[in-house]
Amino acid sequence: MTVRVRFAPSPTGMFHVGGARSALQNWIYAKQQGGVFVLRIEDTDAARNKPEWTEGILSALDWIGIARGSYEGPYFQSSYAGEHRAAAQRLYDGGRAYYCDCTREDVQARTGSQYQGYDGFCRDRGLGPGEGRALRFRTPDEGATVVVDLIRGEPTFENKLIEDFVIARGDGSPVFLLANVVDDMTMGITHVIRAEEHLPNTPKQQLLWDALGVKPPIWAHVPVVVNEKRQKLSKRRDKVALEAYKDEGYLADAMRNYLMLLGWAPSGDREIVPWSVIEEEFRLAEVNPSPAFFDEKKLRAFNGEYIRALPVEEFVAACQPWLTGTETIAPPPWQPEEFDPAAFAAVAPLAQTRIAVLSEIVPNVDFLFLADPLIDEAAWAKAMKEGAADLLDAAIAAFGALESWDAESLKSTLEAVGAERGLKLGKAQAPVRVAVTGRTVGLPLFESLEVLGRERTLTRLRAARVRLV
Ligand code: GLU
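Residues numbered from 1 in each chain as written. Predicted model: local features only at pLDDT ≥ 70, side-chain atom pairs only at ≥ 80, totals over all residues. Heavy atoms only, no water.

## A word on the overall build of the protein
Across its full length, the protein holds 19 helices and twelve strands. A globule of 469 residues ought to have a C-alpha radius of gyration of about 23 Å, yet the protein, at 31 Å, is considerably larger. Along the three orthogonal principal directions, the C-alpha set of the protein runs to about 100 × 45 × 35 Å. When burial is assessed residue by residue, the protein has 49% of its 469 residues classed as buried. (Helix = DSSP H or I, 4+ residues; strand = E, 2+ residues; numbered from the N terminus. Rg over C-alpha atoms; globule rule 2.2 N^0.38 Å. Buried < 20%, exposed > 50% of the residue type's maximum accessible area, 1.4 Å probe, protein only.)

## Section: the site of the ligand
In the vicinity of the ligand, the contacting residues are Arg 6, Ala 8, Pro 9, Ser 10, Glu 42, Phe 176, Asn 180, Arg 194 and His 198. Measuring from a nitrogen atom of the ligand, one finds a side-chain N or O atom of Ser 10 at 2.9 Å. Here an oxygen atom of the ligand and a side-chain polar atom of His 198 are 2.8 Å apart. For the ligand, the accessible surface in isolation is 300 Å², of which the surrounding protein chains cover 82%. Of the residues that constitute the shell around the ligand, the class distribution is three nonpolar, three polar and three charged. (Near = heavy atom within 4 Å. Polar contact = N/O pair within 3.5 Å; in protein donor to acceptor, adjacent residues only side chain to side chain. Areas by Shrake-Rupley, 256 points an atom, 1.4 Å probe, with all protein chains shown as cover. Nonpolar A, V, L, I, M, F, W, Y, C, P; charged D, E, K, R; others polar.)

## What about helix α6 (residues 202–211)?
In terms of residue burial, α6 counts as a mostly covered element, since eight of its ten residues are buried. When α6 is considered as a whole, its buried residues turn out to be Thr 202, Pro 203, Gln 205, Gln 206, Leu 207, Leu 208, Trp 209 and Ala 211. Backbone geometry just after α6 places Gly 213 at a positive phi near 80 degrees.

## Quick notes on the state of the cysteines
By definition, a disulfide is the covalent link that joins the sulfur atoms of two cysteine residues. Inspection of the entire model under this criterion finds zero disulfides. Take Cys 122: it sits in no disulfide, and the sulfur closest to it among the cysteines is that of Cys 102, at 3.5 Å. (Disulfide = S-S within 2.5 Å.)

## Focus on the pairing of strand β9 (residues 191–195)
Judged by how many residues are buried, β9 sits mostly within the fold: five of five residues are covered. In this sheet, strand β10 (residues 218–222) lies alongside β9 in parallel orientation, the contact comprising five bridges. By the bridge assignment, Val 192 is partnered in β10 with Trp 219. In this region the chain leaves β9, passes through α6 and returns to the parallel neighbour β10; the handedness of that crossover is right-handed. (Pairing = 2+ DSSP bridges. Right-handed = clockwise from strand over helix to strand, strands pointing away.)

## Some points on the environment of Ser 267
Structurally, Ser 267 can be placed in the loop between α8 (252–260) and α9 (275–281). On the basis of relative accessible area, Ser 267 is assigned to the partly exposed category, the value being 37%. As a C-alpha pair, Ser 267 and Phe 282 span 15 residues in sequence and 9.3 Å in three-dimensional space.

## Description of the packing of aromatic side chains
To describe a pair of aromatic rings, you give the distance between the ring centres and the angle between the ring planes. By the definition in use, this model includes 16 aromatic pairs. Aromatic side chains Tyr 92 and Tyr 99 sit 4.8 Å apart centroid to centroid with 65 degrees between the ring planes, which places their arrangement in the edge-to-face category. For Tyr 99, a relative accessible area of 11% corresponds to the buried category. On the numbers, 6.0 Å between centres and 85 degrees between planes, the contact of Phe 399 with Trp 405 is edge-to-face. Judged by its relative accessible area of 0%, Phe 399 is buried. Counting every residue linked through ring pairs, the aromatic cluster contains Tyr 245, Tyr 250, Tyr 258, Phe 294 and Phe 302. The ring centre of Trp 380 lies 4.0 Å from the NZ or CZ of Arg 467, which sits over that ring. (Phe/Tyr/Trp six-rings, centres within 6.5 Å; stacked < 30°, edge-to-face > 60°. Lys NZ or Arg CZ within 6 Å of the ring centre and 35° of its normal.)

## Some remarks on the environment of Asn 201
As for its position among the elements, Asn 201 is in the loop between β9 and α6. Residues Asn 201 and Leu 177, spaced 24 residues apart in sequence, show a C-alpha to C-alpha distance of 7.3 Å. Asn 201 has contacts with Phe 176, Leu 177 and Arg 194, leaving out every residue within four places of it along the chain. (Contact = heavy atoms within 4.5 Å.)

## Some points on the side chain of Thr 54
Mapping Thr 54 onto the fold places it in helix α2 (residues 51–64). Since its relative accessible area comes to 12%, Thr 54 is described here as buried. Setting aside its immediate chain neighbours within four residues, Thr 54 contacts Pro 11, Ile 41 and Phe 76.

If you want it as structure tokens, here you go:
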């Protein structure tokens, strides 16, 4: 039997990191089993779907390593409406489903104040199809439905506790539960690896598989992803869109490594491992069923490590979108013609060890490409205390007299200027740094000054000095 898995997102919003995690797990499982990965877009909720979300899913998958063209599909659930209706009809024809004209209020009036599921009122009324009549599945009165789940063992659901659920609405349109099963059947899916939130649907879906006479798939419900307050990650509250992480400058390799650690870990005491190790070692059955904490701080730290591990020319290339701006990334504060690739290449190795996400490259290097630095007023106030004017005067004179404009000479010069005033180098650097870069923190100062050049450095120091008068 060829293993066939599917990833079946609904295009109703930005692509969720939890979805990316499930997609990767499906992807790896298929690869390990010599199987096939199918992408199915569940686009039947016409009111909530937008074509651009579908495109967003395809490009997000591509970014994370599930490349377009390397899987089967995308199929679109909406193209299978005929199959969904035919299945509903078969269930009705076979006596496994019946029409029901009860309203929710009717049921509530019969069963008490709180709606606790359908009471089976229409089971044996023999109603035929008609406007406003829903089709309900006749669940077995006895026995139990045992779901085989690679992560959760064999959760067992008593059939008598499963209500006669709706499979087609009053207007005849099949509901998600049925459409999802029929598509899995049509596409020959053998393993359904999906988010835990679908577990309550599973016994109902498995009953549908049985009733339609097809062997149900093996299930694997992967743990819900939660924030630091143990709340399910939600798009209203948390940063969940994979695209948002991408645009902030997370590397795809860091992201997918981190996502695979949600509920699982590779062998040994390691977390940051090459993708090939994850592909080899990942075991679906080892995934911890408890909620998985999406720790953004840890992800940031991961990303920093991945950035540092890049060959410098790859780092330079990876920074490009932030150096120019793209459709989704804001342009930097400098004009394109002000950018100097050689100057950038000179400071890139210094920046590479200091940033955790690629977007941080911009505030680290903008001083090189702007005519005047962007002065952070809080930084200015902090650095330009008593003595700053005198120190700047001395630095201007000493730097102006330097024979060789290099980091080492700049450093020893400022060290001497500081020492004459009883200041340690750190203290002496602060006014110079703010005058030249606009900030109190940034790349190593003297290398920065070397790249910026004598003339521009002195111009900025003088401008700051003027402001201090
Ligand atoms: N379309 C469903 C979702 O996005 C997935 C259902 C499934 O994987 O079975 O939650």
